[in-house]
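Geometric and topological summary
Take a look at the letters that make up each chain.
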Amino acid sequence: MKIIIETPKYSFSKYQKTEKGYERAFYSPLPTIFNYGFIEGTKGPDGMEEDVVVLGPRMSRGETLEREDFDGLVKFLDNSVRDDKKLVYINGFCYPTLLAFYFRLYALFKTFLYALHEGKITRCRFEGIVFEKLH
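Before going into details, it helps to say that this report is about the structure given with it. (Residues numbered from 1 in each chain as written. Predicted model: local features only at pLDDT ≥ 70, side-chain atom pairs only at ≥ 80, totals over all residues. Heavy atoms only, no water.)

**Quick notes on the packing of aromatic side chains**
Here is the rule we go by: Note on ring pairs: Phe, Tyr and Trp rings are taken, using the six-membered ring of Trp, and paired if centres are within 6.5 Å. Classes follow the plane angle, with under 30 degrees stacked, over 60 edge-to-face and the rest tilted. Burial here depends on accessible area, computed with a 1.4 Å probe over protein chains only, as a share of the maximum for the residue type. Under 20% is buried, over 50% is exposed, and the range in between is partly exposed. What counts as a helix is a DSSP run of H or I of at least four residues, what counts as a strand is a run of E of at least two, and both are numbered from the N terminus. In this scheme, the term charge over a ring applies when either NZ of a lysine or CZ of an arginine sits within 6 Å of the ring centre and within 35 degrees of the ring normal.
Evaluation of the coordinates by the stated rule reveals 9 aromatic pairs. With 6.4 Å between their ring centres and 45° between their planes, Phe-34 and Tyr-36 make a pair best called tilted. When sorted by exposure, Phe-34 lands in the same class as Tyr-36, which is buried. Their ring planes at 15° and their centres at 6.1 Å tell us that Phe-103 and Phe-126 sit as a pair that is stacked. Here Phe-103 is found in helix 1 (residues 96-118), whereas its partner Phe-126 is found in strand 10 (residues 125-134), with 23 residues between them in sequence. Residue Phe-126 is classed as buried on the basis of its relative accessible area of 12%. The ring of Phe-70 carries the charged tip of Lys-86 above its face, separated from the ring centre by 5.9 Å.

Below is the structure:
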């Protein structure tokens, strides 16, 4: 599977790939502590391509990575819709407690973002991390 990086590690901006290229979706109060991307040609329950969290060295926006399987799953609910993120481990940082803390804060931030920008109350929730090979 081809993974394309949308948001590089340490970025405060969350990007999305569009027909025009990579456009900023929003600013985050926290820097992303991992590379964030998607699996090309897939579709998740939210109607967008399946999300991937890549743990390892910083990658550039648009950089690709080929993988046949995954090392885990971040269980997440976004806008009251299942939005799990596949997990890829390359090397280096892999602290489940810090990742869990990040995603708990991210869920809280997304809840406020929906309330402020769309005027709605919705559920955003981190539900845990599963570290294992997924096929």
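**Comments concerning a nonpolar patch on the surface**
Basically, it comes down to this: Patch membership requires over 30% relative accessible area and the absence of a salt bridge. Like charges are linked within 9 Å, and nonpolar side chains (Val, Leu, Ile, Met, Phe, Trp, Tyr) within 5 Å. Each accessible area is a Shrake-Rupley result for a 1.4 Å probe, and residues are judged covered by the shown protein chains and nothing else. The salt bridge definition used is simple: a Lys or Arg side-chain nitrogen within 4 Å of an Asp or Glu carboxyl oxygen.
On the surface, Tyr-95, Leu-98, Phe-101, Leu-105, Leu-108, Phe-112 and Leu-116 cluster together to form a nonpolar patch covering roughly 770 Å² of accessible area. Topologically, Leu-105 is positioned in helix 1.

**Some words on the pattern of salt bridges**
Close approach of charged atoms allows side chains of opposite charge to pair. Tallied over the entire structure, the rule returns 11 salt bridges. Note that Lys-110 is salt-bridged to Asp-78, the shortest N-O span being 3.0 Å. One end of the pair, Lys-110, is in helix 1; the other, Asp-78, is in strand 7 (residues 70-78), with 32 residues separating them in the sequence. Residue classification places Lys-110 among the buried positions, given a relative accessible area of 7%. In this structure Asp-78 comes out as buried when scored by relative accessible area, which is 10%.

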